[in-house]
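Coordinate analysis (summary)
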Amino acid sequence: MNVDMPSPRALRWLVSGSLCAGLALAWLVDLAALYNPDGRWVNWMPVLAVGPLAAAGLLPVRRPGLAHRTGAAAALSLATTAQVVVTVPLSNGSWGLLETGALLALLVLAVRRVKRPGVTVLVVAALAAAVIAQPLRMSLGADTLTWSFLLTFAVGAAVGLGCYLRLLDARRARAVAAARHGERLELARDLHDFVAHHITGIIVQANAALAIHESTPEQVQPILETIARAGSETLDSMRRLVRVLREEEHRSVRPGEMLGELAHLVSAFSGDGGNARLEVTAAARGCQLAPEVETSVHRVVQEALTNVRRHAPGSEVTVSVDADGDRFRVEVVNGSPATRAAVPAGGRGGFGIVGLRERLHAVDGTLTAGPTPDGGWRLAALFPVLSPVEGSAA
């Protein structure tokens, strides 16, 4: 039986909604538990003011920053505890579930997201002290120590959860960085082939100019203009692709053979148990692309087919290649799979799309990916169409 996993956005909304509902329920419990039948609130400030203000620190706003919001919540809670201990009869003191829950949630967020270690330690210590000190508002007896002791375990659990989430974030950041670095290495390995293609054309034109400069000097100027354009194109390719030094040999798409390589990819995918077809329009066949763009087109289709084989086996795949004006478009769409192994790359947990975005950014292209209404997946890429340079080597 197929069970579709919720999208990352839907999951975030679900978690946020559950947290808001839980905090609202905690506040209602506080109001019901601390109301005096005689018509008076028992020490109303912790319930009606401190708890909601602490919960407001969980709002996803950029200003003030998380460290300032958590520090302010901890300071407010500690100040309230000191005020209650000093001015309110101990039997009438109180603290609420909303305040405790909000402070523990802020504790998790602080451990997870506050970047500077010193600030993290300071904020976490203040929040922990605020939570553990809350029972002091009720009494100074054995019950206070018992509640404080139990809240210590809650604080430890919140710190542990925050550390775990921080570790997951760090692992994901390293994985994203590794994917980008790997794609940059792929671009660097292609640099030699691209530059060799352009320089070959320049050499041919220069030799032609040397051969005819005495017999037909009027033809030298157009050849020199072509050499200048080829040199500019070479520098443009190097500007987009020089990220790291070439480290090892790598087979790339030769200029002019991109459509044949795409047909080979689709054929190999179909021969390996898949069901794919390639659609190329006449406008796409007439386009002239820079060599690094041709390699990027090949890489996009290769990654898309790999993801289909991995995450949507048995689904039908259509690879469409088209051109519209100065943009070259590649689209890979697969239908709903018979059995879903995992969320498609580019959704939750995949880093292949990260590398593709890095590559397309280097060649001034754009990439979009997302689910289709029928349960499949769509990946589309737009590339610039460049004017051909006369006399360049094929």
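Residues numbered from 1 in each chain as written. Predicted model: local features only at pLDDT ≥ 70, side-chain atom pairs only at ≥ 80, totals over all residues. Heavy atoms only, no water.

Section: the sheet that holds strand E1 (residues 275-280)
Here five strands make up an open sheet; going across it, the order is E1-E2-E3-E5-E4 and the pairing mixed. Strands at the two margins of the open sheet, each flanked by one partner only, are E1 and strand E4 (366-371). Put simply, the sheet's adjacent strands are angled 10 degrees from each other on average, direction ignored. When strand E3 (residues 327-334) meets strand E5 (residues 377-384), the two strands line up antiparallel, connected through eight bridges. By the bridge assignment for E5, Val332 is matched with Leu379. Together, E1, strand E2 (316-324) and E3 form the strand contacts of helix H8 (residues 258-271), whose direction differs from that of E1 by roughly 160 degrees. (Pairing = 2+ DSSP bridges. Helix = DSSP H or I, 4+ residues; strand = E, 2+ residues; numbered from the N terminus. Axes fitted to C-alpha atoms, helices over the stretch in contact; angles between N-to-C directions. Contact = heavy atoms within 4.5 Å.)

Some details on the packing of helix H4 (residues 97-113) against helix H5 (residues 117-133)
For the pair H4 and H5, the least separation of the axes is 10 Å and the interaxial angle reads 165 degrees. Judged by the angle between their axes, H4 and H5 are roughly antiparallel. Viewed along their axes, H4 and H5 form a crossing whose handedness is left-handed. Across the interface between the two elements, Thr100, Leu103, Leu104, Leu106, Leu107, Ala110 and Val111 from H4 touch Thr120, Val123, Val124, Leu127, Ala130 and Val131 from H5. (Parallel < 35°, antiparallel > 145°, perpendicular 65-115°, else oblique. Left-handed = near helix turned anticlockwise from the far one by under 90°.)

Quick word on the pattern of salt bridges
Applying the stated criterion to the full structure yields five salt bridges. Salt-bridge contacts for Glu279 lead to Arg277; the nearest nitrogen and oxygen are separated by 3.0 Å. Glu279 gets classed as partly exposed once you look at its relative accessible area, which sits at 36%. Residue Glu331 is joined to Arg378 by a salt bridge in which the shortest nitrogen-to-oxygen separation is 3.0 Å. (Salt bridge = Lys/Arg side-chain N within 4 Å of Asp/Glu carboxyl O. Buried < 20%, exposed > 50% of the residue type's maximum accessible area, 1.4 Å probe, protein only.)

Describing the environment of Ala82
Within the element layout of this structure, Ala82 appears in helix H3 (residues 66-87). On the basis of relative accessibility, which here comes to 43%, the residue Ala82 falls in the partly exposed class. Along the primary structure Ala82 and Ala133 are separated by 51 residues, whereas in three dimensions their C-alpha atoms are 9.3 Å apart.

Notes on the packing of aromatic side chains
Enumeration according to the criterion identifies one aromatic pair in this entry. The interplanar angle of 85 degrees and the centroid separation of 5.0 Å between the aromatic rings of Phe149 and Phe153 together place this pair among those described as edge-to-face. Of this pair, Phe149 and Phe153 both sit in helix H6 (residues 142-212), separated by four residues, roughly a single helical turn. Like Phe153, Phe149 is exposed. (Phe/Tyr/Trp six-rings, centres within 6.5 Å; stacked < 30°, edge-to-face > 60°.)

Quick look at the pairing of E3
A regular strand places its side chains so that they alternate between the two faces of the sheet. Relative to E3, E2 is paired through eight bridges, and the arrangement is antiparallel. Counterpart to Ser320 in the pairing with E3 is Glu331.

Concerning a nonpolar patch on the surface
Together, Leu25, Leu28, Val29 and Leu97 make up a nonpolar patch on the protein surface, roughly 390 Å² of accessible area in all. Element by element, the count of residues in the nonpolar patch is highest for helix H1 (residues 8-33), at three residues. In this structure, Leu25 sits in helix H1. Take Leu25: its relative accessible area is 55%, and that puts it in the exposed class. (Patch = residues over 30% accessible without salt bridge, like charges linked within 9 Å, V, L, I, M, F, W, Y side chains within 5 Å. Areas by Shrake-Rupley, 256 points an atom, 1.4 Å probe, with all protein chains shown as cover.)

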